[in-house]
Amino acid sequence: MRVIAWLVEGTWPACVDAVRAHAPDDAEVVLLHVSGPDVPAVAHGAFAGLLGRGHRELDPGDRVEALGGMSAASLLDAAAERLGRPCVREERSGRVEREVVAAAEGAGLLVLARDGDRSRLGPKSLGPAVRFAVDHAPCPVLLVWPEPAPDLGTIPPPPPHHA
Amino acid sequence: MAVPAAGIAVATGVISLDHARAEAERLGPVVGFLAAVLVLAHFCDVEGLFRACGAWTARWARGRPVRLLTAVFALASAITAALSLDATIVLLTPVVFATAARTGVRPKPHVYACTHLSNTASLLLPVSNLTNLLAFAASGLSFTRFAALMALPWLAAIAVEYLVFRRFFARDLTAAAPAGRDTGEAPALPLFALVTVGCTLAGFVVASAFGVDPAWVAAAGALVLAGRALLRRQAGPLTVLRAAAPGFLAFVLALGVVVRAVVDNGLADLLGHVVPDGTGLPALLGLAALAALLANLINNLPAVLVLLPLAAPTGPGAVLAVLLGVNIGPNLTYAGSLATLLWRRIVHQHEHDVDLGEFTRLGLLAVPSSLAVAVVALWGSLQVL
C-alpha cells in the first residue's frame, strides 16, 4: 500500500509523526509538497505594475519561483530525516488542492494536517484546501492536528432540547 | 510604445512642439531624480543591504509568523520610503520570500505585505514613488514640508494595512514554524550603504533648507555607491547605466507628452467638471477617490499626469490628496491597473494565475479603509502644519 503525506510549511511535522505512528511497516511512503502559483504571481503582478521599469530578468516573480523550489526541497529533506525510513519525495506545482487529490490516486491512505483557524474548534479548523482534499480524495484520509489534539473538555455543551 | 506615440502626436500637430518641449523640460529633472534613486537602490543591493535585512528579520522573528509580519511591515515601509517602491518590489520581495521559506513560515502574507506596502508606504518622501516626484515638482512644496505633511497619512495608512493583514491572513499566521529551523548566521553590517543612504536622506533636508534641488543630493548618493562599486570592480559602467533604466526614463518623458496631448485635446474640460474644488475634507476625499479610480483604470503614472494640472491650482493640499489616491489605489487591481492587466492578456503574459478573488478581496478591505484614514490624516496635518 502507498501512503501519501501532504506536507505544508508550519504543520508538516505532525503529518510525518502520524505516518510513523500509523503507516504499516511495508507501506511505500510518499512525502508530497505542492507549490501554489499564487505567491510568485503576486510578485509578477507587482512588477508589471511598475510598467517595465527595469529589465525582464529583474522580475521578482521568477526569483520567488526559483527560491520556492529550493525551499520545498529543503522542507522534504527535513521531513525525510524526521521520518527515518525509506520514502519517495514528490514535488508538484499547480492548484494546491487539485494536485494533492491527483497525487492521491491509487494510494491507500492520504495523511494531512488541519490548515484552518484552530482557535475555534469546528468547521473553521479546516481551510479551503484541506476541505477540498478531504471531500475529493480518492482514498481514506487521516486528518491530524498540527499540535496535540484538544481533549474532550473543549467540546461545547449540547444545545438545549426544544420541546 | 509610448515613444512612437509621442512622436506621432507631435508630428500630426495634436500637440504643439512648444507644449511638447515644455513638458519634456518639466519632466527632465524628475526623470533624472528617478534615475539617481534607481542607481542608489541597485548598489545598496550590491553592497548586501537587502540580504542583511532578510537575515535580521529572520533572527528577530525566530520562526513566529506574526513577528515576521511585523518585521516585514517595518522593513518594507522604511525601504519604500527611503529607496522607492521599485526597490521594495524588485529587491526586497525575493529576500522576504526567502526569509519566510528558510524559517519555515508560510510566505504568502509576507509577500503580499511587500506588494501592498510598496504602494501604501510610498507616501512619505518625494523619492518614495515616481508619482511623488511628479507631484512634488508640481506642488511647489519644499522637501521637508512635503515629508512633514505626509508623515501622518503615511503612518495611518500603514497602521490600517497592518490591522487588515492580521485579520485577513489570520489562518496562515497561526501556522507556527517547527522549532529549530535555521535562522541564518549573523550578517555583516553593510555599513557603507547604510551611511550613504542616511547621508542622502539628511542631505535632502539640508538641500531643501538652502533651496537646492534635492535631485543633486540623490545624484551624489548614487555616484558614491556606484563609484565605490566601479573602483572595486563589482560593476562596470554598463551596469550603472542599466540600473538607471534608460528605456523607462524615455518612456516617462514620452508618456508625459502623450498625456499632455490628450489633456490639451478635451480631457481637461471633461475632467474639470468632475474634479472637486476646495480643500475641505469632503473635497479632499472626493479627489483622492477619483485619483484612486483613475489609477485603477489607466495605471497611476498616467493618472497622476492627468490630474496634476487640474489639482495644482487649488494648492498643495489638493495635490497631496491626488497622491494618496494614486499611490494607495493600485492595491485594488492585480498588476496595478486594468490597462496593465489587459496588456498582459494581449501579449500573453498571464500564464501565472494569481487567485484574483483573494487579491481583490484583500484590496477591497485594505484600499478604501487605508485611503479614507490617510485623507483624514492629511486634512488634519494641513490644519495643524
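Residues numbered from 1 in each chain as written. Chains lettered and ligands numbered in written order. Predicted model: local features only at pLDDT ≥ 70, side-chain atom pairs only at ≥ 80, totals over all residues. Heavy atoms only, no water.

What is the right way to look at the overall build of chain A in this model?
Of the regular secondary structure elements, chain A holds five helices and five strands. Seen through its C-alpha atoms, chain A measures out along the principal axes to roughly 70 × 50 × 25 Å. Taking all 163 residues of chain A together, the buried fraction comes to 47%. Taking all contacts inside chain A whose residues are at least 6 apart in sequence as the whole, residues at least 24 apart take part in 73%. When the accessible surface of chain A is split by element, carbon and sulfur atoms take 56% of a total near 8200 Å². Counting 16 positive and 22 negative side-chain charges, chain A places the averaged centre of each group 4 Å from the other. (Helix = DSSP H or I, 4+ residues; strand = E, 2+ residues; numbered from the N terminus. Buried < 20%, exposed > 50% of the residue type's maximum accessible area, 1.4 Å probe, protein only. Contact = heavy atoms within 4.5 Å. Areas by Shrake-Rupley, 256 points an atom, 1.4 Å probe, with all protein chains shown as cover. Lys, Arg positive; Asp, Glu negative; His and termini not counted. Charge placed at Lys NZ, Arg CZ, Asp CG, Glu CD.)

Is there a simple way to explain helix α17 (residues 338–346) of chain B in this structure?
Note on helix geometry: an α-helix contains 3.6 residues per turn, so any two residues three or four positions apart are oriented the same way. Within the sequence span of α17 of chain B, burial applies to T340, L341 and R344 of chain B. For α17 of chain B, the arc enclosing every buried residue in end-on projection is 100°, short of the 170-degree limit, so these residues lie on one face. Turned more than 90 degrees away from the buried face of α17 of chain B sit L342 and I346 of chain B, all of them exposed. Looking at the buried residues of α17 of chain B, the elements they touch are α2 (38–48) of chain A. (Arc of directions from axis to C-beta.)

Is there a simple way to explain a nonpolar patch on the surface in this structure?
Together, W56, L189, L191, L194 and V195 of chain B make up a nonpolar patch on the protein surface, roughly 450 Å² of accessible area in all. Mapped onto the fold, V195 of chain B is located in helix α10 (residues 191–209). (Patch = residues over 30% accessible without salt bridge, like charges linked within 9 Å, V, L, I, M, F, W, Y side chains within 5 Å. Salt bridge = Lys/Arg side-chain N within 4 Å of Asp/Glu carboxyl O.)

Sorry if this is basic, but what is going on with the packing of aromatic side chains here?
Ring pairs (aromatic) are described by centroid distance and by the angle formed between their planes. Counting across every chain of the model gives twelve aromatic pairs over all chains. Ring centres of F73 of chain B and F165 of chain B lie 5.5 Å apart, and the angle between their planes is 80°; on these two criteria the pair is classed as edge-to-face. Placement of F73 of chain B in helix α4 (residues 65–83) and of F165 of chain B in helix α8 (residues 143–168) is noted, with a sequence separation of 92 residues between them. Assessed through its relative accessible area of 4%, F73 of chain B is described here as buried. Relative accessible area serves as the criterion here: at 0%, F165 of chain B is assigned to the buried category. Within the aromatic cluster, the residues linked to one another by ring pairs are F73, Y112, Y162, F165, F168, F169, Y334 and F359 of chain B. The ring of W145 of chain A carries R114 of chain A above its face, with NZ or CZ at 4.1 Å from the centroid. Its end group placed over the ring of F192 of chain B, R228 of chain B keeps NZ or CZ at 4.0 Å from the ring centre. (Phe/Tyr/Trp six-rings, centres within 6.5 Å; stacked < 30°, edge-to-face > 60°. Lys NZ or Arg CZ within 6 Å of the ring centre and 35° of its normal.)

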